[in-house]
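# Structural features, examined
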Amino acid sequence: MRIGLIGTGRIGSFHAAVLARHPGVGALFVTDADTARAAEVARALGVRAVPDVEALLGLGPDAVVIASATASHAGLIVRAARAGLPVFCEKPIALDVPGTRAALAAVADAGTELQIGFMRRFDAGYRAAREAVRSGRLGRLHTVRAATSDPQPPPAAYLPLSGGLFRDCLVHDFDVVRWVTGREVVEVYATGSDAGPGMFREAGDVSTAAALLTLDDGTLVTATATRCNGAGYDVRMELAGDRDQIAVGLDDRTPLASVEPHGPAAPERPWPGFLERFAPAYRAELDAFVGLVRGEAPNPCDGREALAALRVAEACERSRAERGPVRVGA
C-alpha cells in the first residue's frame, strides 16, 4: 500500500514514523508547506518527500493521511475525495458546521472513506470503560466527569487559529463521552476563564473552561479543561452508576498527589504530553485505517462523529458567550 501524508509537524512526524514502520505500508510519501521540515522527516525515516500536495497526489497513493494545519483540513479532504482516495484526518474537519458539512458531502459524493483522528477511542482505558457501560457493570449511569489538562499553553500564534478551547481541546472529551456512553448530548451550560496568560484574552479565548452536559437519558457530565496544569498532562474520565464506578487515566503516571495521610504521592515521571500518554492509541488508529483501506474492517470513526462533537463544542461556545444553557444543534 502507498500512503501520502500531508503535514510533518509534531503529530504528522509521529504518524509518519508509525506508517514508515507499518508492515502493510509499502511506500510513504510526505509533504509539508515547510519543505525543509518534510525533507528532514523523510531523510530520518528513509521515505520520499515531495514539494506539494499536487505532486503527492500525482504519485498515485492508495490513501491520504492529513496532519496539516487546521485551516487546510476541509480543502484537502475534498481534494482527496475527488481523487477517489480514502482519508485519515486529524480533528477537526473544519472549525464550523458549514465547512464540515461541505467536506462530508464531498466524501459522500465520491463514495470514499473519511476516518477522523479521535485517538481516545483506541485507548485501552476508554475502551474498557465503554465495555463496562455497555455490559451493565455500572448499572444506571448517573454521573460522568471528564478532564483534560495540558501542562503548558501552546504558542501564542496558534490560539487564533485553534478555534478555541472547546473546539480544539474539549472536543476530544465531547467525542469520547458520546462513544463511551452511547448517548447524545442534548444541552450544555458552559463557562470559561481567561485569568491565565494574557495571550488568551488577546485571542478571545480562555485558558480554563468547564461545561455541564446533559445526555439524552438524563445522565449529567462535567467536562473541564485547562492549558496551564503545571503538574503534567492529565486526561481522565470517571463514570459512576448505581452499582459501581470506574476511572480512566488513573495510573502511576497521573500527575495527581493525595494529601491524605496514606494516599498516593505525586508520580516520579508524570505524563509530559499527549504523544506520550496516547502513543499506543495513535498507533492503533492508524493500524485501523490501514485495515479500512484494505477493506478488512469498517470505518471506526467516520466524519459524522466529528460533526456531532463539533456541534457540542459550538453549543458550549455559545453558552459561554450568552451565560446560559444552550440546546445542542438549536
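Throughout what follows, the structure given in this document is the object of discussion. Here the structure is a predicted model, which means the values were calculated and not measured.

Calculation notes
Residues numbered from 1 in each chain as written. Predicted model: local features only at pLDDT ≥ 70, side-chain atom pairs only at ≥ 80, totals over all residues. Heavy atoms only, no water. Salt bridge = Lys/Arg side-chain N within 4 Å of Asp/Glu carboxyl O. Helix = DSSP H or I, 4+ residues; strand = E, 2+ residues; numbered from the N terminus. Axes fitted to C-alpha atoms, helices over the stretch in contact; angles between N-to-C directions. Parallel < 35°, antiparallel > 145°, perpendicular 65-115°, else oblique. Left-handed = near helix turned anticlockwise from the far one by under 90°. Contact = heavy atoms within 4.5 Å. Core = buried A, V, L, I, M, F, W, Y, C linked by side-chain atoms within 4.5 Å. Buried < 20%, exposed > 50% of the residue type's maximum accessible area, 1.4 Å probe, protein only. Pairing = 2+ DSSP bridges.

## Comments concerning the pattern of salt bridges
- Inspection of the entire model under this criterion finds 22 salt bridges.
- Of the charged contacts, one joins Arg-318 and Glu-322 as a salt bridge, the two residues approaching to 3.0 Å between their closest N and O atoms. Highlighted residues: Arg-318 and Glu-322, both in helix H12 (residues 303-322), separated by 4 residues, approximately one helical turn.
- A single salt-bridge network, built from bridges that share partners, covers Arg-121, Asp-175, Arg-178, Glu-184 and Glu-305.

## Brief notes about the packing of helix H1 (residues 10-21) against helix H11 (residues 279-294)
- Packing of H1 against H11 brings their axes to within 10 Å, and their N-to-C directions diverge by 60°. Judged on the interaxial angle alone, H11 and H1 are oblique. Note on packing geometry: the crossing formed by H1 with H11 is right-handed. From H1, Ile-11, Phe-14, His-15, Val-18 and Leu-19 reach across to H11, where they touch Ala-279, Tyr-282, Arg-283, Glu-285 and Leu-286.

## Notes on the nonpolar core
- Residues Tyr-126, Phe-166, Phe-174, Val-180, Leu-213, Met-237 and Leu-239 are the most contacted members of the largest nonpolar core, which totals 68 residues.
- Tallying contributions element by element places helix H8 (residues 165-181) first for this core, with 9 residues.
- Counting residues in hydrophobic clusters, the runner-up holds 30 residues, among them Val-50, Leu-56, Ala-80 and Ile-116.

## Concerning the sheet that holds strand E12 (residues 245-248)
- Taken in spatial order, the 7 strands make up an open sheet running E12-E11-E7-E10-E9-E8-E13, and their pairing is mixed. Edge positions in the sheet fall to E12 and strand E13 (326-327), since each of these pairs with one other strand and no more.
- Alignment of strand E7 (residues 141-149) against strand E10 (residues 220-226), held across 7 bridges, turns out to be parallel. Counterpart to Thr-143 in the pairing with E10 is Leu-220.
- Here H8 sits on the sheet in contact with E7, strand E8 (185-193), strand E9 (208-215), E10 and strand E11 (234-241), set at roughly 30° to E9.

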